[in-house]
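Spelled out, the chains give:
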Amino acid sequence: MKLKTSSLLIAGALLGAAVMPAQANNEAMLDLLKVLRDQGTITADNYDLLASAAAADKEKTEAATAEVKAEVKSVTKDMPKITTKGKIKITSADGNWSFQPIGRVMWDAVHTDADNGVSSDDVKGTELRRARLGFQGSIYNWGYKFEADFAGGDASIKDAYVSYGTKFGDTKLGLKLGQSHIPFGLNTKISSKYMTFMDRPMFADNSVSPARASGAVVSLAAKDYRWSLAAGLQNGAFDGDNDTYEVNGSTFAVRGSFLPYMEDKSHLLQIGAAFLTQGGGDSFKFQPDLVSHDDKYKPVSTGTIAANDFDGAQAFTVDALAVFGSFHAMAEYLDHTIEQDSGSDIDTTAFAVEAGYFLTGESLKWKKGYTSGIKPKSKMGAWQVAARFETIEIDPGSSSEDEFDKFTVGLNYYPTQNTRLMLNYDQVTDLTVNGSSVNDEPSALKFRAQAYW
Amino acid sequence: MKLKTSSLLIAGALLGAAVMPAQANNEAMLDLLKVLRDQGTITADNYDLLASAAAADKEKTEAATAEVKAEVKSVTKDMPKITTKGKIKITSADGNWSFQPIGRVMWDAVHTDADNGVSSDDVKGTELRRARLGFQGSIYNWGYKFEADFAGGDASIKDAYVSYGTKFGDTKLGLKLGQSHIPFGLNTKISSKYMTFMDRPMFADNSVSPARASGAVVSLAAKDYRWSLAAGLQNGAFDGDNDTYEVNGSTFAVRGSFLPYMEDKSHLLQIGAAFLTQGGGDSFKFQPDLVSHDDKYKPVSTGTIAANDFDGAQAFTVDALAVFGSFHAMAEYLDHTIEQDSGSDIDTTAFAVEAGYFLTGESLKWKKGYTSGIKPKSKMGAWQVAARFETIEIDPGSSSEDEFDKFTVGLNYYPTQNTRLMLNYDQVTDLTVNGSSVNDEPSALKFRAQAYW
Amino acid sequence: MKLKTSSLLIAGALLGAAVMPAQANNEAMLDLLKVLRDQGTITADNYDLLASAAAADKEKTEAATAEVKAEVKSVTKDMPKITTKGKIKITSADGNWSFQPIGRVMWDAVHTDADNGVSSDDVKGTELRRARLGFQGSIYNWGYKFEADFAGGDASIKDAYVSYGTKFGDTKLGLKLGQSHIPFGLNTKISSKYMTFMDRPMFADNSVSPARASGAVVSLAAKDYRWSLAAGLQNGAFDGDNDTYEVNGSTFAVRGSFLPYMEDKSHLLQIGAAFLTQGGGDSFKFQPDLVSHDDKYKPVSTGTIAANDFDGAQAFTVDALAVFGSFHAMAEYLDHTIEQDSGSDIDTTAFAVEAGYFLTGESLKWKKGYTSGIKPKSKMGAWQVAARFETIEIDPGSSSEDEFDKFTVGLNYYPTQNTRLMLNYDQVTDLTVNGSSVNDEPSALKFRAQAYW
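Residues numbered from 1 in each chain as written. Chains lettered and ligands numbered in written order. Predicted model: local features only at pLDDT ≥ 70, side-chain atom pairs only at ≥ 80, totals over all residues. Heavy atoms only, no water.

1. Observations regarding the overall build of chain A
Consideration 1: The helix and strand tally for chain A stands at 3 helices and 21 strands.
Consideration 2: Scaling as 2.2 N^0.38, a compact globule of 453 residues should have a C-alpha radius of gyration of about 22 Å, whereas chain A reaches 33 Å, well beyond that.
Consideration 3: With the principal axes as the frame, chain A shows a C-alpha extent of 120 × 45 × 45 Å.
Consideration 4: Burial statistics for chain A: of 453 residues in total, 58% are counted as buried.
Consideration 5: Restricting the contact set of chain A to residue pairs at least 6 apart, pairs at least 24 apart contribute 58%.
Consideration 6: A total accessible area of about 17,300 Å² is found for chain A, and carbon and sulfur atoms account for 54% of it.
Consideration 7: Of the charged side chains in chain A, 45 are positive and 58 negative, and the gap between their average positions amounts to 13 Å. (Helix = DSSP H or I, 4+ residues; strand = E, 2+ residues; numbered from the N terminus. Rg over C-alpha atoms; globule rule 2.2 N^0.38 Å. Buried < 20%, exposed > 50% of the residue type's maximum accessible area, 1.4 Å probe, protein only. Contact = heavy atoms within 4.5 Å. Areas by Shrake-Rupley, 256 points an atom, 1.4 Å probe, with all protein chains shown as cover. Lys, Arg positive; Asp, Glu negative; His and termini not counted. Charge placed at Lys NZ, Arg CZ, Asp CG, Glu CD.)

Dropping the structure here:
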């Protein structure tokens with residue numbers, strides 16, 4: 001007698017210990033029936049009936065399996081993907097819709113010593129530094145984001161826009177309509193969630209290096225952000241009523257960055273530059289904090305330039321960011337020139353350079369041209385030490401310039417992804433007011449506990 | 001020999017190519033054993049043992065299938081249903097609990113020309129028009145909703161209520177306790193997410209056609225909303241402290257609607273009417289915008305009616321909404337009468353009529369007596385053109401009436417469900433102040449980008 | 001012939017009606033083949049081929065089952081657990097990350113009669129009493145919470161902290177950094193979601209029994225909260241700017257509780273005590289409401305103690321909570337002493353005792369030392385009746401003390417878990433101002449609809 005070729009092959013393969021694809025599972029019965037029929041043990045009629053019964057058995061087994069599979073599929077086919085680690089994100093099964101609740105809470109304890117003999121200029125206490133709630137989402141190529149900060153007791157609008165994004169080959173194109181980041185500066189644009197220190201360099205202030213404004217921003221970037229370019233035409237930041245109707249001048253800004261060197265995401269060098277022109281017609285004042293967000297002693301200042309005397313301003317920045325394993329360095333230089341209707345230009349120059357090192361082996365996370373949140377390697381968390389030097393000089397075109405130099409050292413502990421405890425010490429080392437050196441050396445000891453989601 | 005009847009039937013059915021229900025899958029073996037026993041090929045003892053082994057095989061197969069099924073069930077039985085398209089909604093497996101984060105962001109760029117020779121009356125700039133966050137949910141027959149608007153820099157409470165809903169046969173009964181929509185008017189009640197134009201008709205204002213108030217609202221409706229009826233006893237809108245303790249008069253309102261014609265949801269005609277009586281004792285003023293939400297030039301006004309002179313007001317509206325395929329039309333007429341303690345009644349009459357057409361084949365979405373969000377038919381989005389005429393006349397019982405007529409044309413682009421870009425042009429064509437025609441013809445060009453979730 | 005032992009055993013077991021573990025499911029075929037070979041019905045060669053085919057069949061069946069199981073596993077392995085009843089909580093598959101949107105809405109209708117002959121002291125109307133939105137989450141041992149109340153039109157920050165929790169054997173250790181509850185008092189700490197009455201006892205006020213402050217709180221507790229101990233060093237509550245920079249004195253508080261008797265969670269007695277010391281240097285005033293949160297008539301008062309005269313304060317509370325089936329009782333005594341630079345101490349003593357009974361068989365829910373939300377036993381909801389007596393005496397060290405006694409009766413209806421309707425009647429029975437009995441007996445009728453998530 002002859003067995004069916006396929007089952008012989010299967011049998012042979014099996015003997016060779018190969019793994020079989022699933023399903024048909026009563027070949028042995030059919031083969032046996034053939035053998036018994038061929039040698040006359042069973043009649044041809046019985047063979048037919050038995051073979052039919054065997055086929056029915058097989059059908060039934062397959063149907064049972066298919067039924068379970070269908071059940072799994074029906075239960076899971078519309079099931080969204082839900083990210084629970086690092087962020088909360090619900091994405092539709094087809095990937096075209098996503099939704100993400102966002103927020104952050106930062107609680108600071110601060111002790112500053114103004115060192116100017118005026119005890120009421122010292123600041124001591126705690127503060128809810130940032131407390132944000134918001135939502136963002138995407139719908140096919142479109143998206144939206146709305147986040148407000150409630151730390152000040154009211155709703156301070158941060159990002160609030162409708163966006164569009166697409167790709168042309170390896171180039172990404174983006175558009176934001178609403179309030180979003182002005183494409184200017186590096187320190188200003190790095191999220192407070194990811195800053196190395198508790199406060200940005202004091203020049204990264206809304207006056208000379210503004211953060212957000214209402215308008216349109218277009219961006220282009222390589223898929224891997226080896227280069228990026230963004231330009232914004234924005235009509236000032238929202239005022240208390242969250243409109244810009246009283247703003248006189250528009251802001252045009254453009255920023256580009258590229259990576260001359262990137263071995264991998266933890267070995268790279270990025271260079272950036274930006275240019276900004278601010279319209280005039282609104283009053284202007286730049287009076288940076290020295291050692292803390294809540295300084296009362298702020299002797300360095302442009303003074304207030306009245307709306308009718310403020311003709312506008314130009315500014316540019318150049319910046320660099322380098323990551324080499326656990327080490328990183330970052331530098332930014334700013335030049336901001338105020339044009340007055342009467343009186344000479346007021347020129348602010350500033351720079352900050354920082355370096356940090358993870359004692360526990362992590363690397364600063366570079367993402368899309370900026371820094372992002374790290375994930376500790378160990379369950380014990382990650383530790384980072386960092387130092388920064390910064391200087392600001394405000395030159396009103398005479399010998400009465402204001403200037404200060406400051407050192408900051410910081411220790412960061414990341415218990416987990418998304419949480420961080422920070423300890424900073426800020427020390428002004430040189431202070432010049434109206435062209436004369438001042439003996440005050442303000443300092444601050446600052447602690448932060450933060451979490452974001 | 002004789003095969004078991006059931007397996008013969010099964011075999012026969014199989015030969016007839018019928019599909020079998022799942023499970024028992026070694027009938028062929030049992031049949032073969034019977035044949036072999038009956039013709040003496042195997043002994044009766046062996047038959048018994050082999051038949052037992054076959055039964056055991058079957059049990060085991062069924063147990064394996066049942067195990068997988070149980071696993072699927074255990075993993076999925078408490079799995080909530082999560083809606084990710086059009087809205088984010090998490091519903092418990094039994095359907096009795098649901099939760100939904102809600103919100104919207106609308107960003108406007110506006111350029112108005114007051115045309116009155118006063119350049120400071122022109123408005124130019126951008127605005128975060130609406131920025132809302134909230135949650136709503138249901139627990140069996142009960143529910144809650146809380147949504148606040150943060151666009152003004154503070155928390156302006158919108159809906160904030162606890163609700164109850166049930167059905168009697170085909171009739172739905174609802175109750176809302178808290179702040180919710182006053183059952184009055186059509187334009188006022190249509191959500192800003194779904195309005196055809198960027199601004200409501202100028203009479204759909206909190207003074208003569210108020211939107212929300214704090215109190216109790218009862219509603220009845222057919223299951224399919226062929227008819228609906230709602231009545232509210234409300235104690236004014238929340239003031240700055242979100243209470244109504246200083247409000248003197250209550251508001252009673254009732255609104256009904258019915259559909260004399262409905263072929264399907266895109267071929268229908270709805271007629272509505274409402275009545276409202278406002279208590280007096282609070283100061284009153286109606287001074288509508290002309291061309292934009294942020295007008296500074298607003299010559300049409302009732303003037304301020306002092307609290308001790310305002311005895312209350314009565315108002316009624318009649319409205320119609322028609323959808324015929326891609327075309328829709330909507331009209332509303334309002335009559336509002338202020339009763340003064342001294343001086344004659346002040347009568348405001350207003351109407352607005354609009355028409356719109358989807359160039360891309362969609363239909364205005366009618367839902368529960370109002371309009372709702374459309375879903376573009378094409379991946380390229382949906383386009384709609386629309387026009388509106390409106391007029392408001394304020395008649396103080398003398399010849400010194402105020403009046404204006406306005407045309408609005410609009411172009412709406414819906415890139416996706418839940419997103420929309422809008423372009424509106426508003427033009428006042430006739431303006432009468434204190435009984436005299438005024439030559440000013442204010443106009444506005446307005447753009448909006450919006451998303452909701 | 002001899003059948004394989006294992007299949008004989010299986011067959012025997014089967015005859016004994018035992019249930020088999022899954023998988024191997026063609027033993028009968030192998031046994032039959034052996035029988036047929038042994039008695040010469042089939043050849044040894046055919047036996048080998050057929051046995052191989054049978055083994056292949058088995059492999060295939062098992063592979064099919066394994067494939068489905070793998071599919072189930074792959075689909076579900078990263079699927080978070082989502083709680084939809086009682087709260088909305090998304091927990092990662094490994095349990096290490098969780099996220100929870102939180103909030104509550106409470107709408108009140110209030111009618112108070114000041115009974116002092118000054119009609120403007122009566123309060124009538126509705127109020128959005130609480131309207132909160134927030135998020136909380138956990139990341140391994142760390143966590144965060146941020147919740148703000150928007151009922152007042154701005155963002156009043158409630159909990160805003162980063163936390164850490166761990167266990168040592170059966171002892172739980174917790175740390176909160178940020179704004180959180182001061183460990184002081186019982187009535188103050190019970191969440192407004194779970195209070196028996198609409199208003200707390202009038203002494204549970206931010207002055208003498210403060211709720212939240214910014215700082216650090218450490219807590220220890222038994223795993224089952226049979227005992228707990230918490231201590232906080234806090235720098236006052238956030239002011240309007242959500243910082244404590246202007247606060248002069250720190251607050252140190254410690255609270256402990258233990259359960260001398262606990263048969264189960266609905267038969268227990270808890271005793272608690274707390275001590276608090278407030279720093280001076282800020283102005284101080286305690287002027288409790290009498291019958292309602294929005295009283296205008298508040299004759300009982302310490303008066304304002306100027307910042308330079310307020311040297312600080314000490315306070316202590318003792319409290320008890322008992323649950324016996326559907327019945328509960330709760331009592332708290334407070335003693336608060338203000339130290340003045342000039343003038344004598346001002347001593348406030350107060351107590352409140354309440355009792356409640358569920359008519360529908362539920363028990364007050366005790367959870368972690370406080371009360372929590374109940375789940376009605378019936379689909380018709382739960383009903384609770386309750387009564388409270390409270391008294392406050394402010395003794396300025398002379399005969400001019402202020403004092404009032406008040407009764408409150410309440411009826412609570414819980415339609416479902418997480419929702420509640422409340423009706424309260426408050427009646428002052430005795431009022432003494434400046435040492436003289438006053439004839440006024442203010443009263444209030446109050447209704448609340450609330451939901452939380």
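This is not the end of the story, as more comes after the structure.
2. Side note on the interface of chain C and chain A
Consideration 1: Each partner contributes to the interface: chain C provides 63 residues, whereas chain A provides 69 residues.
Consideration 2: If you sort the residues of chain C by the area they bury against chain A, K60, W97 and Y245 of chain C come out on top, with a joint share of 14%.
Consideration 3: At the surface where chain C touches chain A, the tally comes to 3 salt bridges.
Consideration 4: A salt bridge links K85 of chain A to D94 of chain C; its shortest N-O distance comes to 2.4 Å.
Consideration 5: Run the count over chain C and chain A and you get 15 residue pairs in polar contact (both at pLDDT 80 or more).
Consideration 6: With 19 residues, helix α3 (residues 44-76) of chain C is the single largest residue contributor to the side of chain C that touches chain A.
Consideration 7: Considered class by class, the residues forming the side of chain C that touches chain A number 38 nonpolar, 15 polar and 10 charged. (Buried area = accessible area lost by both parts, 1.4 Å probe. Salt bridge = Lys/Arg side-chain N within 4 Å of Asp/Glu carboxyl O. Polar contact = N/O pair within 3.5 Å; in protein donor to acceptor, adjacent residues only side chain to side chain. Nonpolar A, V, L, I, M, F, W, Y, C, P; charged D, E, K, R; others polar.)

3. Description of the pairing of strand β12 (residues 310-324) of chain C
Side chains on a regular strand alternate between the two faces of the sheet.
Residues and elements named next belong to chain C.
Consideration 1: As defined by bridge partners, strand β11 (residues 267-279) adjoins β12 across 13 bridges and the pair is classed as antiparallel. Residue pairing for β12: A273 is matched across the bridge by V318.
Consideration 2: Pairing between β12 and strand β13 (residues 327-340): 14 bridges, direction antiparallel. Bridge pairing links A313 to I338 in β13. (Pairing = 2+ DSSP bridges.)

4. A short note on the pattern of salt bridges
All names here are of chain A.
Consideration 1: Within this structure, the stated rule accounts for 52 salt bridges over all chains.
Consideration 2: In this structure, D319 and R255 form a salt bridge, with 2.5 Å as the shortest nitrogen-oxygen distance. A residue pair is termed long-range when its members are at least 10 positions apart, and D319 in strand β12 (residues 310-324) and R255 in strand β10 (residues 251-264) qualify at 64 residues.
Consideration 3: Of the charged contacts, one joins D289 and K298 as a salt bridge, the two residues approaching to 3.3 Å between their closest N and O atoms.
Consideration 4: Judged by its relative accessible area of 14%, D289 falls in the buried class.
Consideration 5: Each member of the salt-bridge network shares a partner with another, and the members are D199, R388, E390, K406, D426 and K446.

5. Quick look at the relation of the copies chain B and chain C
Consideration 1: For the pair chain B and chain C, the relating rotation is 120°, the translation along its axis is 0.0 Å, and the fit reaches an RMSD of 0.3 Å. One copy is carried onto the other by what is essentially a three-fold rotation axis. Scanning chain B for the C-alpha nearest the rotation axis identifies D154 of chain B, at a separation of 3.0 Å. (Least-squares fit on C-alpha atoms with pLDDT ≥ 70 in both.)

6. Some thoughts on the interface of chain B and chain C
Consideration 1: Contacts between the two partners involve 63 residues from chain B, matched on the other side by 69 residues from chain C.
Consideration 2: Its largest share of buried area at the contact with chain C, chain B owes to K60, W97 and Y245 of chain B, together 14% of the area lost on that side.
Consideration 3: In this structure, the connection of chain B to chain C is made through 3 salt bridges.
Consideration 4: Applying the counting rule to chain B against chain C returns 15 residue pairs in polar contact (both at pLDDT 80 or more).
Consideration 5: The element contributing the most residues to the side of chain B that touches chain C is helix α3 (residues 44-76) of chain B, with 19 residues.
Consideration 6: Looking at the side of chain B that touches chain C, its residues break down into 38 nonpolar, 15 polar and 10 charged.

7. Quick look at unusual backbone geometry
Residues and elements named next belong to chain C.
Consideration 1: Positive phi is not limited to glycine here, since Y140 has a value of about 50°.
Consideration 2: Inspection of the secondary structure puts Y140 in the loop between β4 (123-139) and β5 (142-149).
Consideration 3: Phi at N418 is positive, roughly 80°, even though this residue is not glycine.
Consideration 4: Relative to the helices and strands, N418 is located in the loop between β18 (402-414) and β19 (419-433).
Consideration 5: By relative accessible area, which is 4% here, N418 ends up buried.

8. Overview of the confidence of the model for chain A
When pLDDT drops low, the exact placement of atoms in the prediction is not to be read closely.
Residue and element names in this part refer to chain A.
Consideration 1: Averaged over every residue, the pLDDT of chain A is 90; residues scoring 70 or more account for 94%.
Consideration 2: Considering only residues more than four positions removed or in separate chains, one finds that residues 1-24, a stretch of pLDDT under 50, has 44 contacts.
Consideration 3: Interface confidence in the predicted complex, given as ipTM, is 0.88; pTM for the same model is 0.90. (pLDDT = per-residue confidence, 0-100.)

9. Overview of the domain arrangement of chain A
Consideration 1: According to the domain assignment, chain A consists of domain 1 (5-76) and domain 2 (81-452).
Consideration 2: When each unit is reduced to the centre of its C-alpha atoms, the spacing between domain 1 of chain A and domain 2 of chain A is 69 Å. (Domains from an automatic or database assignment.)

10. Regarding the side chain of Q384 of chain B
All names here are of chain B.
Consideration 1: Along the chain, the position of Q384 falls in strand β17 (residues 382-395).
Consideration 2: Residue class for Q384 comes out buried when judged on its relative accessible area of 1%.
Consideration 3: Polar contacts involving the side chain of Q384 include one to the side chain of Y414, which spans 2.9 Å.
Consideration 4: Once you skip the residues sitting within four places of it in the chain, Q384 turns out to touch T196, H328, Y357, F358, L364, G410, L411, N412 and Y414.

11. Observations concerning a positive patch on the surface
Consideration 1: There is a patch of like positive charges on the surface, built from K87, K265, K365, K367, K368 and K375 of chain A.
Consideration 2: Take K265 of chain A: its relative accessible area is 53%, and that puts it in the exposed class. (Patch = residues over 30% accessible without salt bridge, like charges linked within 9 Å, V, L, I, M, F, W, Y side chains within 5 Å.)

12. Observations regarding the packing of helix α2 (residues 27-38) of chain A against helix α3 (residues 44-76) of chain A
In a packed pair of helices, the relevant descriptors are the angle between the two axes and the axis-to-axis distance.
All names here are of chain A.
Consideration 1: Closest axis-to-axis distance for the α2/α3 pair is 10 Å, and the angle between their directions is 180°. Put simply, α2 runs roughly antiparallel to α3. Two secondary-structure elements touch here, α2 through E27, M29, L30, L33, K34 and R37 and α3 through A44, Y47, L50, A51, A54 and K58.
Consideration 2: The residue inventory of the contact of α2 with α3, partitioned by class, reads 8 nonpolar, no polar and 4 charged. (Axes fitted to C-alpha atoms, helices over the stretch in contact; angles between N-to-C directions. Parallel < 35°, antiparallel > 145°, perpendicular 65-115°, else oblique.)

13. Some remarks on the environment of T360 of chain B
Residue and element names in this part refer to chain B.
Consideration 1: Structurally, T360 can be placed in the loop between β14 (346-358) and β15 (365-367).
Consideration 2: On the basis of relative accessible area, T360 is assigned to the partly exposed category, the value being 30%.
Consideration 3: The sequence separation of T360 and A382 amounts to 22 residues, and the corresponding C-alpha distance is 5.5 Å.
Consideration 4: Ignoring sequence-local partners within four residues, the contact set of T360 consists of K377, G381, A382 and W383.
Consideration 5: A polar side-chain atom of T360 sits 2.6 Å from a polar atom in the side chain of E362.

14. Brief notes about the packing of α3 of chain B against α3 of chain C
Consideration 1: The N-to-C vectors of α3 of chain B and α3 of chain C enclose an angle of 10°; their axes lie 10 Å apart at closest approach. One element, α3 of chain B, and the other, α3 of chain C, form an angle in the roughly parallel class. Residues E67, V68, E71, V72 and V75 of chain B of α3 of chain B form the contact with α3 of chain C, whose own contacting residues are T65, V68, K69, V72 and T76 of chain C.

15. Overview of the nonpolar core
Consideration 1: F146 and F150 of chain A, F146 and F150 of chain B together with F146 and F150 of chain C are the most contacted members of the largest nonpolar core, which has 81 residues in total.
Consideration 2: Beyond its immediate sequence surroundings of up to four residues, F150 of chain A is in contact with A131, L133 and A155 of chain A, F150 of chain B together with F146, F150, A155, I157 and N242 of chain C.
Consideration 3: Listed in part, the 39 residues of the second largest apolar core include A28 and Y47 of chain A, L33 of chain B together with L50 of chain C. (Core = buried A, V, L, I, M, F, W, Y, C linked by side-chain atoms within 4.5 Å.)

16. Description of the pairing of strand β14 (residues 346-358) of chain A
Residues and elements named next belong to chain A.
Consideration 1: Alignment of strand β13 (residues 327-340) against β14, held across 12 bridges, turns out to be antiparallel. Counterpart to T337 in the pairing with β14 is D347.
Consideration 2: Between β13 and β14, which follow one another and run antiparallel, lie 5 residues, and G343 among them has a positive phi close to 95°.
Consideration 3: Here 12 bridges tie β14 to strand β17 (residues 382-395), and the two strands are oriented antiparallel to one another. Considered in β17, the bridge of A352 is made with E390.

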